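What follows is the residue order along each chain.
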There are 2 protein chains.
Amino acid sequence: MSIPFRACILASAIVASLPSQAADAKLDKRTVTNATTLATAGAQDTGAYAIVESLTTEIGPRLAGSAAYDRATKWAEEKFKSLGYDRVYLEPVSFPTWERHHESAEVIAPYPQRLIITTLGGSVGTGGKPIEADIVEFATIEALKLAPAGSLAGKIAYISNRMERTKDGHGYGPAVAARSGASAAADKGAVALVIRSIGTDSDRLPHTGMQRYAEGSTKIPAAALSNPDADLLSNMVRRGKPVTLRLDIDAGHTGATKTEYNVIGEIRGRKLPEEVVVIGGHLDSWDLGTGAIDDASGVAITMTAGAMIGRLDKAPLRTIRVIAFANEEQGVFGGRAYAETHKAELDLQQLGAESDFGAGRIYSFRAGVAAEAVPVIEQIARLLEPLGIAYEAGKGGPGPDIEPFAKVGMPWAQLAQDGTDYFDYHHTANDTLDKVDAKALDQQAAAYAVMAYVAADSPVDFGRAPPLTGEE
Amino acid sequence: MSIPFRACILASAIVASLPSQAADAKLDKRTVTNATTLATAGAQDTGAYAIVESLTTEIGPRLAGSAAYDRATKWAEEKFKSLGYDRVYLEPVSFPTWERHHESAEVIAPYPQRLIITTLGGSVGTGGKPIEADIVEFATIEALKLAPAGSLAGKIAYISNRMERTKDGHGYGPAVAARSGASAAADKGAVALVIRSIGTDSDRLPHTGMQRYAEGSTKIPAAALSNPDADLLSNMVRRGKPVTLRLDIDAGHTGATKTEYNVIGEIRGRKLPEEVVVIGGHLDSWDLGTGAIDDASGVAITMTAGAMIGRLDKAPLRTIRVIAFANEEQGVFGGRAYAETHKAELDLQQLGAESDFGAGRIYSFRAGVAAEAVPVIEQIARLLEPLGIAYEAGKGGPGPDIEPFAKVGMPWAQLAQDGTDYFDYHHTANDTLDKVDAKALDQQAAAYAVMAYVAADSPVDFGRAPPLTGEE
């Protein structure tokens, strides 16, 4: 996942105050039996791990705009087909192409040594030759913003704040603001920005991720140091002598627009096939790792869940639509394209959920649906309990690729994953298969299957999502 | 440390069978009091961590032969002086220069993606242009040696065995043989060797380390994949299609011989100043990390121990000689030079010990000394007990830079460190300051101080070490 992760409290009084016991989930006995069977399957090999292994091994890094992403598109089409989906198709997604070619950094004085950096997504390069400039360290982006006008003229700004480790990832929000600090630095005269990686590890593997320039500001290169390198640089700065850095970056938007595709597989509904329950992950990844946790896992979990539903004796009332979204990382292009393409079909979008928070076990189920549908959500919650998942009413928010549609009313659900270790590997070269626990994926595939199946097999309409609070 | 770490069982029947209670350590009461004070100091800040911080921050990576090593030499001289050593001097160490310039690897078919490698020390490059060849995987070096003659013609041999994690590092020996597998591969016709890193981690940071070619074999490039990359490559090979790798390495011996220096600091003995107790670590490091655990920690622990002894009210009988050895990593050049330079003074070398197994706490004390000196060793053992260190008679071996002299009779001691995590970081870019626990360093500095002080303040002669068994 790429977009700023904010504290997820949905202040939805509508949902939380409902006398749900009085309502009815209107489920067949068979639906409940099938859902229980799907939940039980989470204790066995669902095949989800094999899908992560396949995508990371056969395709590997798949930066949007790259030839590898095109191969990933073919891979996803074939995988849906081999899993027995009824219909597999593509929907176009267009975006500007950004490329990374070369990046290096070294302290040249007073303590010469190499530093390990990665260029932040969307950054410009250093203009064909290295930049050499002194570092000015700031503890936070807020401190940088308070620097006097012109005080960074000719300098490289360095923001050194460290991200806090939490289960739900709420340490990400306060830290990640630094990632888009280039314009604030440029406005004070800086020639480049380096930041401490937005990550919780102590590995010499920096975290990339998208950064954005403010309108009208000079675009300067922006890069992240690994946590050990940030420690090192801060220890140098603390000694009091000017610390001079050489930065050499060749990266940037090419000026071209590329069209790629959301890859979609459907298990066709038996009675209301036009109505859809949407689940998915994103197919693209950053280029440093093989994108195992971000987000081959999300793709595999939801592909597997759909396939599990497809293998039931009878299809659910509604269609299960599994989407492998294109280019989430560089700005939720896949999710925005889906919302735009289907905006006339808002009423058909019954429920949407994206898995994009790594490969850790799901511990919480949350949803934003119309009041009438809350009994179904509560029924799903009861069916998820054997998987160790608790229901949290009035909390959470949609995944990044669901959010654009949820903002205009698409009902959403969230199966919140344990993200304690997620930001150790997020957007680094270390996002590889060995970080994925097959049993945790099985639990998740089963949970998505239960949720999507029951939502698709209940005749209750999920209506419109309560308005998002902007805190999602 | 660089040299193959073998199972450390010293079958020294002489030492183990001594009726030590009958002998006498001949220690003053004051010596015991001072030793107890030194041990107690291990619970406070000994200053060892600040030395590691200084070397890694102000110098960083210091590959033997590099300009950084020359800076490290100056750093060590100044550090000894600032710690109040009585005498600081240099002794020359010469060796052939090896340089790393560029290294990259990628699978070009059938699953194109980049692999992360590091060239092994001493390796040749790919001759100015990339090598492209198919992979042949072997589970072990032994399996490679069994391959039919000529069967690897034009291929890249790949050895995929994984090192086992243990406290005493005994998993290193069986695994590290693969690192010098290039000649065995070349003898079967291979054009290059890649191995799974000799390391216990799951990080995308490959482990370098010295490899050697056999006399008369064609020299082919040799590189290590990170553990996740090795998993990836094995998963590709398992699919059954030929896997083609492109390897591009610019590295090699320059043909030049360079002279660097062992940096030596002494706390002069008050009565037998020509007799020395030698402790030390090695000053050089591999070039990927900042050499915090390998071996700034060893340098800092022993420098600090000497300084602690120097601050006592009265110097010990004998001289404490602390050596920051040059170029251990590429072939124990510093240790061999010391043995050669001082070979006529074998009788003056009372006891030698090197700290070169990371930054983990010391849990065991071992020694190889003449029978007459065993009571002193046992007395030291009792004084080390409060630091949580157990005595193990008849076990262990000298550190790498002590071994050349110990082989001809220099008595040795070993303060064995907990190496459970050592091979997670060993010879990788991840060998950085954040991996070092300051309190563990304090315990170690105190232990070295106790051992060196008591050995230097006992009038008992340590004689000659029992013959080494070749298992050290």
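The rules behind each value
Residues numbered from 1 in each chain as written. Chains lettered and ligands numbered in written order. Predicted model: local features only at pLDDT ≥ 70, side-chain atom pairs only at ≥ 80, totals over all residues. Heavy atoms only, no water. Helix = DSSP H or I, 4+ residues; strand = E, 2+ residues; numbered from the N terminus. Rg over C-alpha atoms; globule rule 2.2 N^0.38 Å. Buried < 20%, exposed > 50% of the residue type's maximum accessible area, 1.4 Å probe, protein only. Contact = heavy atoms within 4.5 Å. Areas by Shrake-Rupley, 256 points an atom, 1.4 Å probe, with all protein chains shown as cover. Buried area = accessible area lost by both parts, 1.4 Å probe. Salt bridge = Lys/Arg side-chain N within 4 Å of Asp/Glu carboxyl O. Polar contact = N/O pair within 3.5 Å; in protein donor to acceptor, adjacent residues only side chain to side chain. Nonpolar A, V, L, I, M, F, W, Y, C, P; charged D, E, K, R; others polar. Lys, Arg positive; Asp, Glu negative; His and termini not counted. Phe/Tyr/Trp six-rings, centres within 6.5 Å; stacked < 30°, edge-to-face > 60°. Lys NZ or Arg CZ within 6 Å of the ring centre and 35° of its normal. Least-squares fit on C-alpha atoms with pLDDT ≥ 70 in both. Axes fitted to C-alpha atoms, helices over the stretch in contact; angles between N-to-C directions. Parallel < 35°, antiparallel > 145°, perpendicular 65-115°, else oblique. Left-handed = near helix turned anticlockwise from the far one by under 90°. Expected span 1.5 Å × (residues − 1). Arc of directions from axis to C-beta. Domains from an automatic or database assignment.

## Comments concerning the overall build of chain A
Next, step 1: A count of helical and extended segments in chain A gives 14 helices and 14 strands.
Next, step 2: Compactness check: chain A gives a C-alpha radius of gyration of 23 Å against a globular reference of 23 Å for 472 residues, within 12% of the reference.
Next, step 3: The C-alpha extent of chain A, read off along each of the three principal axes, is 75 × 45 × 40 Å.
Next, step 4: Looking at chain A as a whole, 65% of its 472 residues are labelled buried.
Next, step 5: Expressed as a percentage of contacts within chain A between residues at least 6 apart in sequence, the contacts between residues at least 24 apart total 85%.
Next, step 6: A total accessible area of about 16000 Å² is found for chain A, and carbon and sulfur atoms account for 53% of it.

## Some remarks on the interface of chain A and chain B
When the parts of a complex come together, some accessible area is lost, and that lost area is often taken as the interface size.
Next, step 1: At the junction of the two partners, chain A supplies 33 residues and chain B supplies 33 residues.
Next, step 2: Three residues stand out in chain A for area buried against chain B, namely A:Thr57, A:Arg204 and A:Arg239, and they jointly supply 22% of the buried area on that side.
Next, step 3: Put simply, chain A and chain B have four salt bridges between them.
Next, step 4: Ionic pairing is found between B:Arg239 and A:Glu53, a salt bridge with its closest N-O pair at 2.6 Å.
Next, step 5: Connecting chain A to chain B are 20 residue pairs in polar contact (both at pLDDT 80 or more).
Next, step 6: For the side of chain A that touches chain B, the secondary-structure elements that each account for two or more residues are helix H3 (48–58), strand E2 (113–115) and helix H8 (227–238) of chain A.
Next, step 7: Class assignment for the residues of the side of chain A that touches chain B results in twelve nonpolar, eleven polar and ten charged.

## Remarks on the side chain of B:Asp295
All names here are of chain B.
Next, step 1: Of note, Asp295 is situated in helix H9 (residues 292–310).
Next, step 2: Here Asp295 is buried and forms no salt bridge, its nearest opposite-charge partner Arg62 lying at an N-O distance of 7.5 Å.
Next, step 3: Here Gly298 takes part through its backbone nitrogen, which lies 2.9 Å from a polar atom of the side chain of Asp295.
Next, step 4: Each residue touching Asp295, except ones within four places of it in the same chain, is listed here: Arg62, Gly281, His282, Asp284, Glu354, Ser355 and Asp356.

## Structural notes on the side chain of A:Ser160
Next, step 1: Looking at where A:Ser160 falls in the secondary structure, it is placed in the loop between strand E5 (156–159) and helix H6 (172–176).
Next, step 2: Ignoring any residue separated from it by four or fewer positions in sequence, one finds A:Ser160 in contact with A:Glu137, A:Phe138, A:Ala139, A:Arg196 and A:Ser234.

## Regarding the packing of aromatic side chains
Next, step 1: One pass over the structure, following the stated rule, counts 20 aromatic pairs over all chains.
Next, step 2: On the basis of an interplanar angle of 70 degrees and a centroid distance of 4.8 Å, the ring pair of A:Phe80 and A:Tyr85 is categorised as edge-to-face. Across the pair, A:Tyr85 and A:Phe80 agree in class, each one buried.
Next, step 3: Ring plane angle 80 degrees and centroid distance 6.3 Å describe the contact between B:Trp98 and B:Trp286, whose orientation is recorded as edge-to-face. Here the residue B:Trp98 occupies a position in strand E1 (residues 87–109), and B:Trp286 occupies one in the loop between strand E9 (272–282) and H9, the gap between them amounting to 188 residues. The exposure classification of B:Trp98 matches that of B:Trp286, with both residues buried.
Next, step 4: Aromatic ring contacts, followed pair by pair, group A:Tyr172, A:Phe357, A:Tyr422 and A:Phe423 into a single cluster.
Next, step 5: Over the aromatic face of A:Phe333 sits the side chain of A:Arg336, whose NZ or CZ is 4.8 Å from the ring centroid.
Next, step 6: The ring of B:Tyr425 is capped by B:Lys435, whose NZ or CZ atom sits 5.3 Å from the centre of that ring.

## Some points on the pattern of salt bridges
When the charged atoms of two side chains lie near each other, side chains of opposite charge can form a pair.
All names here are of chain B.
Next, step 1: Inspection of the entire model under this criterion finds 48 salt bridges over all chains.
Next, step 2: Notably, a salt bridge pairs Asp70 with Lys258, separated by 3.1 Å at the nearest N-O pair. Separated by 188 residues along the polypeptide, Asp70 in helix H4 (residues 67–82) and Lys258 in strand E8 (residues 244–267) bring together distant segments of the chain.
Next, step 3: A relative accessible area of 19% means that Lys258 is categorised as buried.
Next, step 4: In this structure, the salt-bridge partner of Arg464 is Asp347, at a minimum N-O distance of 2.6 Å.

## Quick look at the relation of the copies chain A and chain B
Next, step 1: In screw terms, the move from chain A to chain B is a rotation of 180 degrees and a rise of 0.0 Å along the axis, fitting with an RMSD of 0.0 Å. Taken together, the rotation and translation describe the operation of a two-fold axis.

## What to know about the packing of helix H3 (residues 48–58) of chain B against H4(B)
Residue and element names in this part refer to chain B.
Next, step 1: Put simply, H3 and H4 touch, their axes get as near as 11 Å, and they point 155 degrees apart. Here H3 is positioned roughly antiparallel relative to H4, judged by the angle of their axes. The two elements H3 and H4 cross, and the hand of that crossing is right-handed. On the side of H3, the interface is formed by Ile51, Ser54, Leu55 and Glu58, while H4 contributes Ala72, Trp75 and Lys79.
Next, step 2: Residues that form the contact of H3 with H4 fall into these classes: four nonpolar, one polar and two charged.

## Let's talk about helix H2 (residues 29–40) of chain A
Residue and element names in this part refer to chain A.
Next, step 1: Taking 1.5 Å as the rise per residue, H2 with twelve residues should run 16 Å; its terminal C-alpha atoms sit 17 Å apart, in good agreement.
Next, step 2: Residues of H2 that are buried: Thr31, Asn34, Ala35, Leu38 and Ala39. The arc enclosing the buried residues of H2, seen along the axis, measures out at 140 degrees, which places them on a common side.
Next, step 3: On its buried face, H2 is in contact with helix H9 (292–310), helix H11 (374–384) and helix H14 (438–457).

## Examining the domain arrangement of chain A
All names here are of chain A.
Next, step 1: The assigned domain composition of chain A is domain 1 (13–86 + 268–457) and domain 2 (100–254).
Next, step 2: Taken together, the 21 residues of domain 1 in the interface contact 22 residues of domain 2.
Next, step 3: Summing the contributions of domain 1 and of domain 2, the shared interface buries around 1700 Å²; its carbon and sulfur component is 56%.
Next, step 4: The tally of links from domain 1 across to domain 2 stands at three salt bridges.

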